[in-house]
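Each chain, written out:
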Amino acid sequence: MAQTSTETPVTHHRLEHFPVAFFSAVMGLMGTSLAVEAAGFAMAGHIIAAFAGLVFATQAVFYVLKAIRHPAAVAGEWNHPIKLAFFPAISISLLLGAIALRGTMPDLAAIIWGGGAVGQAMLTLAIVTSWISHRGFGVGQMSPAWFIPAVGNVIAPIAGVSLGFVDASWYFFAIGVLFWIVLLTLVFNRLVFHDPLPGKLRPTLTILIAPPAVAFLAWLQLNGGVLDPLARVLYNLGLFFTALVLLQAKGLLRLEFALSFWALSFPIAAMTIASFRYAALSGAITFNAIGWGLLALLCGIITGLVWRTGLAVVRGEICQPE
């Protein structure tokens, strides 16, 4: 009897602290599958995508159980200035799943895209409403994680255009680019003129890469695949932020592992895909080499993250109060 009464609270305790930020792992895995496929390894990409789908389904079950049993904990994440930005990782995961399926199962991809798009639209409105009405948020609470809602919007056209949702894709692209520009200004103000990011949030600096890289891929879908001046500007902005983040790598490697390290994965995956796409359209082998270099880096990052996350799960380091 004593043993049972001890174990049950532990289970509930960990479920209560299951973080919505964990869905960023699905973004990273799904992005990796698309990057591997872009490099020409379609079968490997499909296997990784299937694994990402399994991880998403598992996490969704846990988070639904958390919402049922611990609604106050979910409300706490929603009202948290940093954790709030990770809720769109759920809808982004669906949009990425639609990209992975659009070539082989377009009907299923359209259904998944529709669910992800509706979720993304609702979450964007809710989060922006929270930002402008919640006066408790301060500059010091801002981080690059705030880009996640904007990134989700610019992801939508990548599959949306080919699936026939052209007008909706333009809507998402417009909203995503607008808030990327607004948030870029605010985030740089925070990074330059205020205290450095705390250790657990420093990996989110990598998210700076994602908006221009994803916007580049989305714009190619919207403009018919033409490498026009805007496409070139977006890709080169992605290169700049990639170089900027790589200069921070030494400091990042010294940090203690946290789930926020999954923020390293999706942006590098997006830039890898963008580089292969840019190389194919420009015919310049330099960008193909950049793509392969980033793919090698991405594979190393994903391998390390999967191993370290698995180790943290075994050790009971995941789903602990902060």
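Our structure's up above, just so we're on the same page.
Note on numbering: residues in each chain are counted from 1, in written sequence order. The model is predicted, so local features are restricted to residues of pLDDT at least 70 and side-chain atom pairs to those at 80 or more, both for listing and for counting; the totals for chains, interfaces and linings are taken over all residues. Computation of side-chain values: all heavy atoms of the structure, hydrogens and water removed.

## Points about empty space enclosed by the protein
Right, on to step 1. Points on a 1 Å grid, built from protein atoms alone, make a cavity when a 1.4 Å probe fits but cannot get out and make a pocket when they are open with protein on both sides within 12 Å along at least 5 of 7 lines; residues with an atom within 4 Å of a point are the lining residues. Grid points are joined across faces, edges and corners, and a volume is the space filled by probe spheres set on the points. Per the counting criterion, the structure on display carries two cavities of 30 Å³ or more.
Right, on to step 2. Considering only enclosed or pocket space, the largest cavity measures out at about 110 Å³ in volume.
Right, on to step 3. In this structure, the largest cavity is lined by Ser24, Met27, Phe86, Ile92, Ile148, Val151, Ile207, Ala210, Trp262, Ala263, Phe266 and Pro267.
Right, on to step 4. To qualify as a helix, a DSSP run of H or I must reach at least 4 residues; to qualify as a strand, a run of E must reach at least 2; elements of each kind are numbered from the N terminus. Sorting the residues of the lining of the largest cavity by element identifies helix 2 (24-38), helix 7 (148-160) and helix 12 (265-282) as the ones contributing at least two each.
Right, on to step 5. Throughout, the ten residues Ala, Val, Leu, Ile, Met, Phe, Trp, Tyr, Cys and Pro are labelled nonpolar, Asp, Glu, Lys and Arg are labelled charged, and all others, Gly among them, are labelled polar. For the lining of the largest cavity, the per-class residue count stands at eleven nonpolar, one polar and no charged.
Right, on to step 6. Put simply, the second largest cavity is a space of about 50 Å³.
Right, on to step 7. If you trace the second largest cavity, you find it lined by Thr124, Ile127, Val128, Trp131, Pro149, Ala150, Asn153, Ile175, Phe179 and Leu183.
Right, on to step 8. For the lining of the second largest cavity, the secondary-structure elements that each account for two or more residues are helix 6 (106-133), helix 7 and helix 8 (166-193).
Right, on to step 9. Residue contributions to the lining of the second largest cavity peak at four residues, all from helix 6.

## Some points on helix 10 (residues 229-246)
Right, on to step 1. The span you would expect from a helix comes to 1.5 Å times its residue count less one. The end-to-end C-alpha distance of helix 10 is 26 Å, a good match for the 26 Å that 18 residues give at a rise of 1.5 Å each.
Right, on to step 2. Only protein chains enter the area calculation, which uses a 1.4 Å probe; residues under 20% of their type maximum are buried, those over 50% are exposed, and those in between are partly exposed. For helix 10, every residue scored as buried is listed here: Ala231, Leu234, Tyr235, Gly238, Phe241, Thr242 and Val245. Down the axis of helix 10, the sector holding all buried residues measures 120°, keeping them to one side.
Right, on to step 3. Buried residues along helix 10 sit against helix 8, helix 9 (210-222), helix 11 (249-253), helix 12 and helix 13 (285-315). Note that the arc is defined by the directions from the helix axis to the C-beta atoms. Any pair of residues with heavy atoms lying within 4.5 Å of one another is described as a contacting pair.

## Thoughts on the pattern of salt bridges
Right, on to step 1. Salt bridges are defined by distance alone: a side-chain nitrogen of Lys or Arg within 4 Å of a carboxyl oxygen of Asp or Glu. Within the structure shown, the criterion is met by one salt bridge.
Right, on to step 2. Lys66 is paired through a salt bridge with Glu77; the nearest N and O atoms lie 2.9 Å apart. Separated by eleven residues along the polypeptide, Lys66 in helix 3 (residues 42-69) and Glu77 in helix 4 (residues 71-78) bring together distant segments of the chain.
Right, on to step 3. Among the residues examined, Lys66 registers a relative accessible area of 1% and is labelled buried.

These results come straight from atomic positions and should not be treated as a statement about function.
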